[in-house]
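Coordinate analysis (summary)
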Amino acid sequence: MMKVKAILICSALLASGSLLADGPRMPREIDKTWIEECGSCHLAYPPSLLTADNWRRMMGGLDRHFGSNASLDAASAAKITAFLERNASTRGQRNASSTLRITDTPWFVREHDEVSPAAWRDPNVKSAANCAACHRGADRGDYDDDDIVIPVTRR
Amino acid sequence: MFRLIALPLGIGIALAAHAETPTDLVARYAQQAASSQPGFSASAERGRSFFVRKWNVTDKMPDCASCHTERPDRAGSHVITAKPIKPLAPAANPERFSKLAKVEKWFRRNCTEVVGRECSAAEKADLIEFLVATGGA
């Protein structure tokens, strides 16, 4: 029997100026195909979190997408690639990832450096791909620091 | 400063187009299967065996239940990303098996990944027949 206790991390702890300034934002333009296709196995991550080159490489290998088959028809893939390129990061290396994982970008690592290893391993988090485990507004594209709850499970 | 986006809206609109019923799809796949297996008729029992089979092709996704649970009338969760997955059974989730292109996309992805090859038309017919026969939660 697991008892789940959610610990609210007060905004004063996390809301440093740089964090607020760096919150990912959804583009003004939302592509329907992108939301549906890139949001079915995980959240549709904000395009600004990787570079245009990263997205092009990602879209070129969807049949081997981090170990999963996420292959798409050519028309949808072309539409999504163009959308991602238009809305990719303009901040260069901060959002570049040689592994194509958003979690390996310098930006992500720095923004999450206060999250404990135990929190990452928590069964309610399970994966760093699971933004919504802590960012309660992630499904609406809201990663604002004052809406973060880090779940901690105690056995 | 931070824009809120109503994400589910676009998904709902996309699903409304080209409606098929699960029974249409069973008939379609059964007809395809009959061209190589004369007299083929979809079987919910064979579909159930397919659904519960441990294929063990990949470590994280050895079977359908890895993400969809052993109860297709209940919600599942993606085994890697933890994103919630709505029930597979149409009785519990009327959006299921209502659009051929979407059904084909997921058979292509999930069969190559979990089963290790594309699924046959007969397997698709049997699986949908089983899911249709599975009551809602």
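Residues numbered from 1 in each chain as written. Chains lettered and ligands numbered in written order. Predicted model: local features only at pLDDT ≥ 70, side-chain atom pairs only at ≥ 80, totals over all residues. Heavy atoms only, no water.

Quick notes on the overall build of chain A
To keep things clear, this is the line we draw: Numbering of helices and strands runs from the N terminus, with a helix taken as a DSSP run of H or I at least four residues long and a strand as a DSSP run of E at least two residues long. We call a residue buried when its accessible area falls under 20% of the maximum for its residue type, exposed when it is over 50%, and partly exposed in between, using a 1.4 Å probe and counting protein chains only. Here a residue-residue contact requires only that any non-hydrogen atoms of the pair lie within 4.5 Å.
From N to C terminus, chain A includes seven helices and two strands. The secondary structure elements of chain A, listed N-terminal to C-terminal, are β-α-α-α-α-α-α-α-β. Relative to its full complement of 155 residues, chain A shows a buried share of 50%. A separation threshold of at least 6 residues defines the contact pool for chain A, and within that pool the share at least 24 residues apart is 62%.

Let's talk about the environment of Pro24(A)
Here Pro24(A) is to be found in the loop between helix H2 (17–22) and helix H3 (32–38). A C-alpha to C-alpha distance of 6.5 Å links Pro24(A) and Tyr143(A), two positions 119 residues apart in sequence.

Some details on unusual backbone geometry
Residue and element names in this part refer to chain B. Although it is not a glycine, Asn 56 adopts a positive phi angle of roughly 55 degrees. By the secondary structure assignment, Asn 56 is in the loop between helix H3 (44–52) and helix H4 (65–68). In this structure, Phe 97 takes a positive phi of about 55 degrees despite not being glycine. You can see Phe 97 is positioned in the loop between strand S2 (84–85) and helix H5 (100–115).

As for the state of the cysteines
Residues and elements named next belong to chain B. Using the following cut-off: In plain terms, two cysteine sulfur atoms within 2.5 Å form what is called a disulfide here.
Within this structure, the stated rule accounts for one disulfide over all chains. With its sulfur 2.0 Å from that of its partner, Cys 111 forms a disulfide with Cys 119. Residues Cys 111 and Cys 119 are joined by a disulfide whose S-S torsion is about -100 degrees; by sign, that bridge is left-handed. Residue Cys 119 is classed as buried on the basis of its relative accessible area of 9%. Of the cysteine sulfurs around Cys 64, a residue in no disulfide, the closest is that of Cys 111, at 8.0 Å.

Quick notes on the pattern of salt bridges
Note the cut-off: Between Lys or Arg on one side and Asp or Glu on the other, a salt bridge is scored when a side-chain nitrogen of the former is within 4 Å of a carboxyl oxygen of the latter.
Applying the stated criterion across every chain, the model contains 14 salt bridges over all chains. Across the pair Arg110(A) and Glu111(A) runs a salt bridge whose closest N-O atoms are separated by 3.1 Å. Classification of Glu111(A) as buried rests on a relative accessible area of 10%. In this structure, Lys86(B) and Glu95(B) form a salt bridge, with 3.8 Å as the shortest nitrogen-oxygen distance. Residue classification places Lys86(B) among the partly exposed residues on the basis of a relative accessible area of 49%. Given a relative accessible area of 39%, Glu95(B) falls into the partly exposed group. Taken together, the shared-partner salt bridges connect Glu37(A), Lys105(B) and Arg109(B) into one network.

Section: the confidence of the model for chain A
All names here are of chain A. To keep it simple, the criterion reads: For every residue, the predictor assigns a confidence score, pLDDT, that lies between 0 and 100.
Summing up the model confidence of chain A, the mean pLDDT is 84 and the portion of residues at 70 or higher is 83%. Least confident of the elements in chain A is helix H1 (residues 11–14), whose mean pLDDT is 38; most confident is helix H4 (residues 52–59), at 98. Contacts for the low-pLDDT stretch residues 1–21, under 50 throughout, to residues beyond four places or in other chains number 35 contacts.

Quick notes on helix H2 (residues 22–36) of chain B
Residues and elements named next belong to chain B. Where we set the bar: Between the first and last residue of a helix there are one fewer steps than residues, each counted as 1.5 Å, and that sum is the expected span. Here the arc refers to the directions that run from the helix axis out to each C-beta atom.
Here H2 spans 22 Å end to end across 15 residues, near enough to the 21 Å set by a 1.5 Å rise per residue. Buried within H2 are the following residues: Pro 22, Leu 25, Val 26, Tyr 29, Ala 30 and Ala 33. Down the axis of H2, the buried side of the element spans an arc of 130 degrees, and every buried residue falls inside it. Along H2, the residues that are exposed and aim more than 90 degrees away from the buried face are Gln 31 and Ser 35. If you follow the buried residues of H2, they end up packed against H5 and helix H6 (121–133).

Digging into the nonpolar core
Side chains that are nonpolar tend, in soluble globular proteins, to be buried together. Residue and element names in this part refer to chain B. Note the cut-off: Definition of nonpolar core: a set of buried residues of the types Ala, Val, Leu, Ile, Met, Phe, Trp, Tyr and Cys, connected through side-chain atoms within 4.5 Å.
Of all hydrophobic cores here, the largest spans 30 residues; its most connected members are Leu 25, Tyr 29, Phe 40, Phe 107, Leu 127 and Ile 128. In terms of residue count, H6 provides more of this core than any other element does, seven residues in total. When near neighbours in sequence (up to four residues on either side) are disregarded, Leu 127 contacts Gly 47, Phe 50, Phe 51 and Phe 107.

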